[in-house]
Amino acid sequence: MQPPILKPTPGAAHESAHGHVRGSAEYVDDRPREARELTVGLIWSPHAHARVVSIDVSRVQKWEGQVWIFDYKALAHNTWGSIFQDQNFLAVDEVHFVGDVVLVVAAENPIILQAALREIRVDYEVLPAILSIDEAVAQQSFIGAERRIERGDWQPGLETAPHRLQGTIQIDGADHFYLENQAAIAYPRDGGVMEIHSSTQHPTEVQHLVAEAVGLSHKDVVCIVKRLGGGFGGKETQAAPIAVYAALVAKACQRPARLVLDKDTDMMITGKRNPFQVHYDIGFTDEGEIIALDGHLYSDGGACADLSTAIMERALTHVDNAYFIPAARLRGQVCRTHIHPHTAFRGFGGPKGVALIEQAIEAIAHHLGMDSYDVRLKNVYQHPHRNTTPYGQHVEGNALPLLFETLAERCDYRARRQQIKEQADPKSPTLRGIALTAVKFGISFITRFLNQGNALVLLHRDGTFQVSTGAVEMGQGVQTKIGSLVAAEFGVDLSAVRVMPTQTDKNANTSATAASSGTDLNGSAALVACQPLKERLSKVFAALVELDPELWPSRTIGPGTRQDMVWDRPLTRPIVFEGGRVFAKDQPERSLPLLDVIREAWFNRVSLSEYGFFKTEGLDFNKVTGQGTSFLYYSQGVACSEVEVDRRTGEVKVLRTDILMDLGRPINYDLEVGQIRGAFIQGMGWVTTEQLVYDAKGSLLTHAPSTYKIPSVHDIPRDFRVDLLQSDEPRTMHRGKAVGEPPLLLSFSVWAAIMNAIQVTSLPIPASRERILRALYPERFARWEKAP
């Protein structure tokens, strides 16, 4: 019997959809320039590691009164870091990566600014630099302690296993390539308040770091975020320094200050997805069942910690992915290099851990002469005995076996694989491959205290709502989804609800919109706020429906002919809000318009606003022992991709991709499917074409779309099918599951299909054209590289 596939149900349009089409959606740099506004630029290091010898600004004196220059001494506090305070906003004596900011420069207009930037001279003494993971390991240059997760007798398991394989995977970073570059505007307002408009995923961090850096208290800084033109993790921490630089100028000059990076500068100075070097030693049976795994992960954190240690923790908790590993030792170490500090990127560390096990499974299959899909089925988590992760969490709601078997049948996997095998022609210029991979992605911040959110819900007398939360809209549709949740609670159309721009004077001490938790935390907080509002309105309704309308508060309290209506009595029956009306569940015929109930509540002095707070319960992961419950639940899915590889050029075409995911009850079907498609394509770019190239001195060479190849419309699978399993998620208030990051990891189906096509067991990420050709013709490349 076929499991139920969710029938597509059109959802509300994205709240910014019409603005995007018309070009009227406002981003930071779209804000009109205010009178006396200054333009801000940066002087940053061209060296990976150097001592600042001298700074000469004498040539800028001709613009006296039109140009202002600031170094680290202008800041009240110069160090920052989300986990470790190990990074300077402005370099002091040394610079530690290409892009390390030395000076902040402000000018009356962009033309003067550019001229001034060209005239400033900084002399450096170049120092030795660590530019790779191998160099960092050799010099023991690390950030933080080694992370570990361990279970079972992994060493005897490896030593006694019938088969044993070792492998190493090179995983390169990737640029976020958000369409809106890093941007911030700082406005000094009346009374010493600093108002910051920032393109950030973390308004609270911007508020706090700006306050500390320029010598203000938190109460004197307000950060406002209307929407981002993409973030993908690149604006979780790294938007904060941009805001600090603008605020420094605004406070010193008492004038508005705008800093917007161009694409080249943005790519040169900001961190990327962490590069990883992954080593594994795996033991398995004749049937491909995994017995034990020893995994050792190194990451390049760059010059400063940023979020790299947390990224490593998520990598280690995702090495298992969809598969039961009875005995394992998993170790992870972040390396300190002289590259820009790397940071969050969609999936955080999850993709690096998943790459390990998916590549190992491909190697096992090749070694045993099996279909890798059968190896995956052999090892997939099964209820109840093979259903616990290496860190001790049970995989509740495990749909993985069902997802595997359902998609394999729906996409006709076995017949297509057999056809590819039979039609393989050694003389053909193209090779075909196919693979079916999975994702089991944990939803929650591993750092427990981050799993909290708050919301403010205001109900107005015309029956409309304003909702404020800590969630940041960056294209993913979180505002639309939160608005839909509130609308559904009160039985009104989404057009009656406006989700307001995110700002720290309404929602304080919030977590970043990250870890795919934006809707879970902030949507749940909004639902918490709705409950007491609904209860009060339900009681008002229950009193009104028994009262002569002539005696309603709106008719009597104004003239003062009656006392306030007695309304706060226990409810005796369930009250329903539906279709803009309110009624008792067992007496639908005695309904009142919601607008009437709201009006009478106001006249009767019943509060029409509410604050809600939500925290995720049941999380107890211990980072020291590497054991415990890390996640509230897992978003799960599978993907099958078929590729064609041109053996002459290394070009890859994705002919077809089928995706099936379990996302519980989607809040908005269209937005969820859009997120699946977008995440998959972004991941596909990372594993195929998006190659970062640095020169021998640590400077990024691929810092523009002309040299950094993100997917285009021509790279989308020719046949692209996405379906959702009909299911339910009882652990969330809205009964759905997060979708922002998990589908990105399904792009490993493309990576595995390329390996299947060219018959190799390992490829670096990205599997670029050159790397594919090197794998196909290693002898030729070896000859060419030896040639004089």
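Summarised in this report is the structure supplied together with it.

Rules of the game
Residues numbered from 1 in each chain as written. Predicted model: local features only at pLDDT ≥ 70, side-chain atom pairs only at ≥ 80, totals over all residues. Heavy atoms only, no water. Helix = DSSP H or I, 4+ residues; strand = E, 2+ residues; numbered from the N terminus. Rg over C-alpha atoms; globule rule 2.2 N^0.38 Å. Buried < 20%, exposed > 50% of the residue type's maximum accessible area, 1.4 Å probe, protein only. Areas by Shrake-Rupley, 256 points an atom, 1.4 Å probe, with all protein chains shown as cover. Lys, Arg positive; Asp, Glu negative; His and termini not counted. Charge placed at Lys NZ, Arg CZ, Asp CG, Glu CD. Phe/Tyr/Trp six-rings, centres within 6.5 Å; stacked < 30°, edge-to-face > 60°. Pairing = 2+ DSSP bridges. Axes fitted to C-alpha atoms, helices over the stretch in contact; angles between N-to-C directions. Contact = heavy atoms within 4.5 Å. Salt bridge = Lys/Arg side-chain N within 4 Å of Asp/Glu carboxyl O. Patch = residues over 30% accessible without salt bridge, like charges linked within 9 Å, V, L, I, M, F, W, Y side chains within 5 Å. Disulfide = S-S within 2.5 Å. Parallel < 35°, antiparallel > 145°, perpendicular 65-115°, else oblique. Nonpolar A, V, L, I, M, F, W, Y, C, P; charged D, E, K, R; others polar. Core = buried A, V, L, I, M, F, W, Y, C linked by side-chain atoms within 4.5 Å.

## Notes on the overall build of the protein
- Across its full length, the protein carries 20 helices and 29 strands.
- Against the compact-globule benchmark of 28 Å for 788 residues, the protein has a radius of gyration of 28 Å, which places it among compact chains.
- Projected onto its principal axes, the C-alpha positions of the protein cover 100 × 80 × 50 Å.
- Taken over 788 residues, the protein has a buried fraction of 61%.
- When the accessible area of the protein is evaluated, it comes to approximately 31000 Å², of which 51% is carbon and sulfur surface.
- Treating the 81 positive side-chain charges of the protein as one cloud and the 93 negative ones as another, the clouds have centres 2 Å apart.

## Quick notes on the packing of aromatic side chains
- All chains considered together, the criterion is met by 15 aromatic pairs.
- Pairing Tyr 391 with Phe 621 gives two aromatic rings, centres 6.2 Å apart and planes at 90 degrees, and the pair type is edge-to-face. Of this pair, Tyr 391 sits in the loop between α10 (372-379) and α11 (400-410) while Phe 621 sits in the loop between β26 (609-615) and β27 (633-646), and the two are 230 residues apart along the sequence. The exposure classification of Tyr 391 matches that of Phe 621, with both residues buried.
- Aromatic pair Phe 680 and Phe 720: ring centres 5.6 Å apart, planes at 45 degrees, arrangement tilted. Of the two residues, Phe 680 is situated in helix α17 (residues 669-688) and Phe 720 in strand β29 (residues 719-724); the sequence distance between them amounts to 40 residues.

## Focus on the sheet that holds strand β24 (residues 581-584)
- With respect to topology, three strands assemble into an open sheet ordered β23-β24-β25, the strand pairing being antiparallel. One side of each edge strand has no neighbouring strand; the edge strands of this open sheet are β23 (575-578) and β25 (587-593). In this sheet, adjacent strand axes meet at a mean angle of 30 degrees when their direction is disregarded.
- Here four bridges tie β23 to β24, and the two strands are oriented antiparallel to one another. Of the residues in β24, the one forming a bridge with Ile 575 is Ala 584.
- Against the sheet, helix α16 (residues 594-603) touches β23, β24 and β25, its axis set at about 60 degrees to β25.

## Details of the pattern of salt bridges
- As enumerated under the stated definition, the model contains 58 salt bridges in all.
- Arg 147 is the salt-bridge partner of Glu 313, the closest N and O atoms lying 3.1 Å from each other. Separated by 166 residues along the polypeptide, Glu 313 in helix α8 (residues 308-316) and Arg 147 in strand β9 (residues 142-151) bring together distant segments of the chain.
- In this structure Glu 313 comes out as buried when scored by relative accessible area, which is 5%.
- Notably, a salt bridge pairs Lys 481 with Glu 672, separated by 3.1 Å at the nearest N-O pair. Of this pair, Lys 481 sits in helix α13 (residues 478-490) while Glu 672 sits in helix α17; the two residues are 191 residues apart in sequence, bridging distant segments of the chain.

## Observations concerning the sheet that holds strand β8 (residues 121-126)
- If you trace the three strands from one edge of the open sheet to the other, you get β6-β2-β8, paired in antiparallel fashion. Each edge of the open sheet is held by one strand with a lone partner, namely β6 (94-95) and β8.
- For strand β2 (residues 50-56) and β6, the ladder comprises two bridges, and the chain directions are antiparallel. Residue pairing across strands places Arg 51 opposite Glu 94, the latter belonging to β6.

## Let's talk about a nonpolar patch on the surface
- A cluster of nonpolar residues, Ile 55, Val 57 and Ile 69, forms a patch on the protein surface that exposes about 190 Å² of accessible area.
- Locating Ile 55 in the fold gives a position in strand β2.

## Things to note about the pairing of β24
- Between β23 and β24, which follow one another and run antiparallel, lie two residues, and Gly 579 among them has a positive phi close to 60 degrees.
- Bridge count between β24 and β25: three bridges; the pairing is antiparallel. Across the sheet, residue Arg 581 finds its bridge partner in β25, namely Pro 593.
- In sequence, β24 turns back onto β25 through a hairpin of two residues.

## Things to note about the state of the cysteines
- Enumeration according to the criterion identifies zero disulfides in this entry.
- Distance from the sulfur of Cys 304, which forms no disulfide, to the nearest cysteine sulfur (Cys 335) is 15 Å.

## Looking at the packing of α17 against helix α18 (residues 748-758)
- Remark: α17 packs on α18, axes separated minimally by 8 Å, with the N-to-C direction vectors making an angle of 40 degrees. Of the possible angle classes, the one that applies to α17 and α18 is oblique. Here α17 contributes Phe 680, Met 684, Trp 686, Val 687 and Thr 688 to the contact with α18, which in turn contributes Phe 748, Ser 749, Val 750, Trp 751 and Ile 754.
- Grouping the constituent residues of the contact of α17 with α18 by class yields eight nonpolar, two polar and no charged.

## Looking at the nonpolar core
- Counting 165 residues, the largest nonpolar core has Ile 282 and Trp 751 as its most contacted members.
- Sorting elements by how many residues they give to this core places helix α6 (residues 240-253) first, with eleven residues.
- The contact partners of Ile 282, leaving out residues within four places of it in the chain, are Leu 158, His 163, Arg 164, Leu 165, Ile 290, Ala 292, Leu 293, Ile 357, Ala 360 and Ile 364.
- In this structure, Val 497, Val 499, Trp 567 and Ile 598 belong to the second largest nonpolar core, which totals 45 residues.

## A look at the side chain of Arg 376
- Within the secondary structure, Arg 376 sits in helix α10.
- Classification of Arg 376 by relative accessible area gives buried; the value is 0%.
- Ignoring any residue separated from it by four or fewer positions in sequence, one finds Arg 376 in contact with Tyr 323, Glu 358, Ile 361, Glu 362, Phe 404, Leu 436, Thr 437 and Ala 752.

Geometric values such as these leave the question of function open.
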